2 protein chains.
Amino acid sequence: MPLSLPPAARVGALLNEVDTPALLLDLAAFERNVARMQAAVSGAGLALRPHAKAHKTPAIALAQIAAGAVGVCCQKVSEALPFIAAGVKNIHISNEVGNATKATLLAEAARHAQMSVCADNARQIEWLAAATREAGTKLDVFVEIDIGQKRCGVAGSAEVMRLLDDLAPHGQLRFAGLQAYQGRVQHLRGHQERFEAARRASDRAAVVVAELSKAGVHCETVTGSGTGSVEFDLGSGVYTEIQAGSYVGMDVDYARNEYAGALRFEHALFLACRVMSQGDGTRAVVDAGLKSLAVDTGLPTVWGREADYTIISDEHGTVIPRSGPVPGLDELLLLVPGHCDPTFNLHNELVVFRDDRVEAIWPIAARGLSR
Amino acid sequence: MPLSLPPAARVGALLNEVDTPALLLDLAAFERNVARMQAAVSGAGLALRPHAKAHKTPAIALAQIAAGAVGVCCQKVSEALPFIAAGVKNIHISNEVGNATKATLLAEAARHAQMSVCADNARQIEWLAAATREAGTKLDVFVEIDIGQKRCGVAGSAEVMRLLDDLAPHGQLRFAGLQAYQGRVQHLRGHQERFEAARRASDRAAVVVAELSKAGVHCETVTGSGTGSVEFDLGSGVYTEIQAGSYVGMDVDYARNEYAGALRFEHALFLACRVMSQGDGTRAVVDAGLKSLAVDTGLPTVWGREADYTIISDEHGTVIPRSGPVPGLDELLLLVPGHCDPTFNLHNELVVFRDDRVEAIWPIAARGLSR
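Here the structure is a predicted model, which means the values were calculated and not measured.

**Considerations on the interface of chain A and chain B**
Item 1. Listed per partner, the contact involves 74 residues of chain A and 74 residues of chain B.
Item 2. Counting the surface lost from both chain A and chain B, the interface buries some 5900 Å², and carbon and sulfur atoms represent 54% of this.
Item 3. Counting every contact that joins chain A to chain B gives eight salt bridges.
Item 4. A salt bridge links B:Asp19 to A:Lys102; its shortest N-O distance comes to 2.9 Å.
Item 5. Remark: the boundary between chain A and chain B carries 42 residue pairs in polar contact (both at pLDDT 80 or more).
Item 6. Counting residues per element, the ones that place at least two in the side of chain A that touches chain B are helix H3 (77-85), strand S4 (90-96), helix H4 (100-109), helix H5 (122-135), strand S10 (269-277) and helix H10 (340-344) of chain A.
Item 7. Counting residues per element, the side of chain A that touches chain B draws most heavily on H4(A), which supplies five residues.

**Some details on the packing of aromatic side chains**
The description of an aromatic ring pair rests on the distance of the ring centres and on the angle between the ring planes.
Item 1. Tallied over the entire structure, the rule returns eight aromatic pairs over all chains.
Item 2. Between A:Phe195 and A:Phe232, the ring centres sit 5.5 Å apart and the planes meet at 65°, which makes this aromatic pair edge-to-face. Of this pair, A:Phe195 sits in helix H7 (residues 191-214) while A:Phe232 sits in helix H8 (residues 230-233), placing them 37 residues apart in sequence.
Item 3. Using a relative accessible area of 29% as the deciding quantity, one classes A:Phe195 as partly exposed.
Item 4. What makes A:Phe232 buried here is its relative accessible area of 7%.
Item 5. Ring geometry for B:Tyr247 against B:Phe265: centres 5.5 Å apart, planes inclined by 50°, an arrangement best described as tilted. In this pair, B:Tyr247 sits in the loop between strand S9 (241-242) and helix H9 (252-255) while B:Phe265 sits in the loop between H9 and strand S10 (269-277), placing the two residues 18 residues apart along the sequence.

**Quick word on the sheet that holds strand S3 (residues 72-74) of chain B**
Residue and element names in this part refer to chain B.
Item 1. One open sheet accounts for eight strands, arranged S2-S9-S8-S7-S6-S5-S4-S3; its pairing is parallel. The two strands at the open ends of the sheet, each matched to only one other strand, are strand S2 (47-48) and S3.
Item 2. Pairing between strand S4 (residues 90-96) and strand S5 (residues 114-119): five bridges, direction parallel. Following the sheet pairing, Ile93 is matched in S5 by Val117.

**As for the sheet that holds S4(A)**
Residues and elements named next belong to chain A.
Item 1. A sheet is described by the order of its strands in space; here eight strands give the open sequence S2-S9-S8-S7-S6-S5-S4-S3, paired in parallel fashion. In this open sheet, the two edge strands, each paired with only one partner strand, are strand S2 (47-48) and strand S3 (72-74).
Item 2. Where H3 meets the sheet, its contacts fall on S3, S4 and strand S5 (114-119), and the angle it forms with S4 comes to roughly 170°.

**Re the domain arrangement of chain A**
Residue and element names in this part refer to chain A.
Item 1. If you check the domain split of chain A, you get domain 1 (15-24 + 265-363) and domain 2 (27-250).
Item 2. A C-alpha centroid distance of 33 Å is found between domain 1 and domain 2.
Item 3. Carbon and sulfur atoms make up 60% of the surface buried where domain 1 meets domain 2, a total of about 1800 Å² over both sides.
Item 4. Looking at the side of domain 1 facing domain 2, the largest losses of area belong to Phe265, Glu266 and Trp362, adding up to 40% of the total buried there.
Item 5. Connecting domain 1 to domain 2 are four salt bridges.
Item 6. A salt bridge links Arg32 to Glu266; the nearest nitrogen and oxygen atoms lie 2.8 Å apart.
Item 7. Summed over the shared surface of domain 1 and domain 2, the number is nine residue pairs in polar contact (both at pLDDT 80 or more).
Item 8. Of all the secondary structure elements, the ones that give two or more residues to the side of domain 1 that touches domain 2 are H10, strand S16 (349-354) and strand S17 (357-363).
Item 9. The element contributing the most residues to the side of domain 1 that touches domain 2 is S16, with four residues.
Item 10. The residue inventory of the side of domain 1 that touches domain 2, partitioned by class, reads 10 nonpolar, two polar and four charged.

**Some remarks on the pairing of strand S7 (residues 173-180) of chain B**
Residue and element names in this part refer to chain B.
Item 1. Taken across its eight residues, S7 has seven buried, putting it largely inside the fold.
Item 2. Here seven bridges tie strand S6 (residues 139-145) to S7, and the two strands are oriented parallel to one another. Residue pairing for S7: Ile145 is matched across the bridge by Ala180.
Item 3. Once the chain exits S6 it traverses helix H6 (residues 157-167) before rejoining the sheet at S7, and the crossover so formed is right-handed.
Item 4. For the crossover from S7 across helix H7 (residues 191-214) to strand S8 (residues 221-224), the handedness is right-handed.

**Section: unusual backbone geometry**
Residues and elements named next belong to chain A.
Item 1. The peptide bond linking Thr20 to Pro21 adopts the cis configuration, its omega dihedral lying at -5°.
Item 2. Tracing the backbone shows Pro21 in the segment before strand S1 (22-26).
Item 3. You will see that Lys56, though not glycine, has its phi angle at about 55°, which is positive.
Item 4. With respect to the helices and strands, the residue Lys56 is situated in the loop between S2 and helix H2 (58-66).
Item 5. With a phi angle near 75°, Asp330 is a residue other than glycine that sits in the positive phi range.
Item 6. Within the secondary structure, Asp330 sits in the loop between strand S14 (317-321) and strand S15 (332-336).
Item 7. Here Asp330 falls in the partly exposed class, since its relative accessible area comes to 27%.

**Remarks on the pairing of strand S14 (residues 317-321) of chain B**
Residues and elements named next belong to chain B.
Item 1. Taking burial as the measure, the five residues of S14 include four buried ones, the bulk of the element.
Item 2. Of the strand pairs in this sheet, strand S11 (residues 284-286) and S14 are connected by three bridges, and their pairing is antiparallel. Across the sheet, Ala284 pairs through a bridge with Val319, a residue of S14.
Item 3. In this antiparallel pair of consecutive strands, strand S13 (residues 307-312) and S14, the connection spans four residues.

**Focus: H5(A)**
Counting along an α-helix, one turn takes 3.6 residues, and residues three or four places apart therefore face a common direction.
Residue and element names in this part refer to chain A.
Item 1. Taking 1.5 Å per residue, 14 residues should reach 20 Å; H5 reaches 20 Å between its end C-alpha atoms and fits that length.
Item 2. Buried residues of H5: Gln124, Ile125, Trp127, Leu128, Ala129, Ala131, Thr132 and Ala135, and no others.
Item 3. Where H5 begins, the capping side chain belongs to Asn121, and its oxygen is found 2.7 Å from the backbone nitrogen of Arg123.
Item 4. Positive backbone phi, approximately 70°, marks Gly136, located one or two places after H5.

The rules behind these values
Residues numbered from 1 in each chain as written. Chains lettered and ligands numbered in written order. Predicted model: local features only at pLDDT ≥ 70, side-chain atom pairs only at ≥ 80, totals over all residues. Heavy atoms only, no water. Contact = heavy atoms within 4.5 Å. Buried area = accessible area lost by both parts, 1.4 Å probe. Salt bridge = Lys/Arg side-chain N within 4 Å of Asp/Glu carboxyl O. Polar contact = N/O pair within 3.5 Å; in protein donor to acceptor, adjacent residues only side chain to side chain. Helix = DSSP H or I, 4+ residues; strand = E, 2+ residues; numbered from the N terminus. Phe/Tyr/Trp six-rings, centres within 6.5 Å; stacked < 30°, edge-to-face > 60°. Buried < 20%, exposed > 50% of the residue type's maximum accessible area, 1.4 Å probe, protein only. Pairing = 2+ DSSP bridges. Axes fitted to C-alpha atoms, helices over the stretch in contact; angles between N-to-C directions. Domains from an automatic or database assignment. Nonpolar A, V, L, I, M, F, W, Y, C, P; charged D, E, K, R; others polar. Right-handed = clockwise from strand over helix to strand, strands pointing away. Expected span 1.5 Å × (residues − 1).

Here you go:
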């Protein structure tokens with residue numbers, strides 16, 4: 001008899017029967033998050049193109065599109081493939097493609113879906129032009145501008161104009177507008193501080209849009225924003241498309257932001273773990289560590305318990321109660337991951353539950369696809 | 001035509017042709033590391049049971065066993081399954097099993113390989129006894145003792161004796177000895193500081209072994225140690241079996257330790273990435289971030305270049321040259337991961353090279369198996 005690993009959960013089982021560690025999605029909270037973001041973005045007259053790098057899960061993308069999203073963003077070309085296979089028809093690669101190999105894959109992908117991509121350098125445009133010419137496909141190209149992140153993106157309208165000259169000979173590459181994203185703003189804690197930083201960033205984008213307009217260049221789409229700045233970016237007058245992603249599940253880091261008003265999101269993403277040792281009896285050692293939880297923004301929190309997850313190692317976490325008894329052996333604990341995006345990237349599947357029952361198992365089909 | 005992702009590398013290709021990001025193993029350095037550790041452990045008259053959680057790669061385990069290792073350690077029962085499937089016949093689960101589900105899987109695994117496991121609580125022994133009785137299999141059981149890690153493990157010989165009473169009625173569960181591991185010692189930087197801490201830890205184990213001996217209990221095996229403390233533990237007189245794992249590939253964190261003498265290991269593990277943007281021209285933005293590199297012990301370093309990897313996000317890293325020009329678009333850079341174990345856990349395959357040629361692609365078959 002061959003030895004095989006039983007599934008972590010079966011549809012219809014009680015949540016308490018799930019084998020651990022397992023990544024969980026609270027379907028009711030998820031649905032409220034999706035509806036809330038879509039209503040806010042639609043209400044402002046903008047398009048929502050949620051970032052699929054946050055969840056890497058085609059079933060989530062399809063739910064977002066069913067709720068009104070125009071498509072999704074992916075951060076890498078390979079990441080887009082499972083979404084195309086699942087029927088997503090409109091994908092923006094919110095990133096540059098830095099060589100001929102990746103441009104070739106993107107040009108092939110454009111046979112199957114409407115694809116767009118960013119550029120901030122003439123050589124990238126050469127690779128895209130050659131690959132689409134070879135494949136006989138078309139791409140929308142966004143010029144990325146740096147609005148304070150100091151990562152990718154050109155500095156201003158003069159550089160955008162030069163790249164438009166590079167694009168011009170290639171009819172299969174259509175200038176679609178600008179990408180303007182400031183990741184650091186997303187995680188500033190204070191509401192006023194985050195508002196001011198988001199406004200400084202969107203003002204930089206507004207200057208470029210205005211200068212291009214004066215030069216006769218229309219930016220059909222200005223795409224950017226994120227879960228931390230969306231409440232400000234909706235009214236910026238610059239963005240036409242919102243790329244937020246983390247709002248679907250939330251995490252400890254985003255929950256540390258101070259929010260105001262109605263546009264706040266609920267924890268829908270949890271890591272189920274169990275106590276496998278109590279050591280000398282003063283602590284609960286759980287079966288989820290660095291291989292189940294990303295800690296680049298900090299440790300997870302323990303959901304609904306007066307307890308702290310204090311020390312992490314590869315496959316262990318130490319949970320200390322703030323009051324009351326130490327959780328018992330085999331006791332199920334739900335953790336809120338510190339950072340949702342790389343935590344999704346550790347797991348092959350998402351156990352989706354409603355109330356206390358498992359409702360579905362969703363493959364995290366783009367896990368590990370970083371090429 | 002369906003859209004599929006081409007392999008990251010083909011056997012025989014030049015290293016420079018590998019698609020990125022990709023996890024690489026320098027075969028010559030790996031072979032030297034494996035031989036060096038085996039010679040040191042065998043030379044001290046001890047057994048080597050390398051930790052497979054470090055690499056999750058059956059081909060690596062088979063190479064370690066071919067060099068003289070007695071088997072491997074796994075940290076979870078599910079992690080052991082690909083190693084059993086690859087023909088590894090002797091696996092120690094260097095961890096407690098905290099419920100009946102996991103005990104059942106372990107008891108089933110014992111049909112296929114000689115399995116052992118740790119216990120630090122009577123209930124774990126009940127689960128193991130029931131599962132092996134049901135499966136009709138046998139297990140070796142190690143009592144884990146806490147020698148300063150303050151994670152799993154009982155405090156001393158009195159608690160060990162109580163667990164031996166719990167084991168006694170179950171003929172299918174054989175007491176095999178003690179597990180004694182102190183993870184924090186591994187990463188103390190100074191050679192003398194690490195020596196003293198390792199000795200304090202092994203002295204605690206020695207006290208328990210002596211007390212048990214006085215009570216007529218023989219510990220056939222005392223298993224523990226790691227890459228950072230092995231040079232001291234070999235001469236401790238307590239350990240009979242060494243569990244080191246990270247030495248096969250090494251990482252930035254272990255390289256920060258101050259070593260003395262001959263037992264030092266080489267970087268064999270690298271993350272290949274490429275420059276996909278230069279932003280405003282002052283930096284190289286590479287295509288490998290949090291989804292390709294674990295950063296719990298810090299950022300990666302840039303191999304063989306006067307440059308620093310300074311900022312990480314999900315799919316980007318910012319590399320700043322200390323001198324000379326900014327690396328060009330599409331330029332290949334090799335990074336040394338900050339922490340090897342969770343970095344292996346991000347990747348599905350390992351691109352194995354010798355000199356400048358790809359020699360094999362090894363599946364990281366236990367990736368994601370944390371149950």
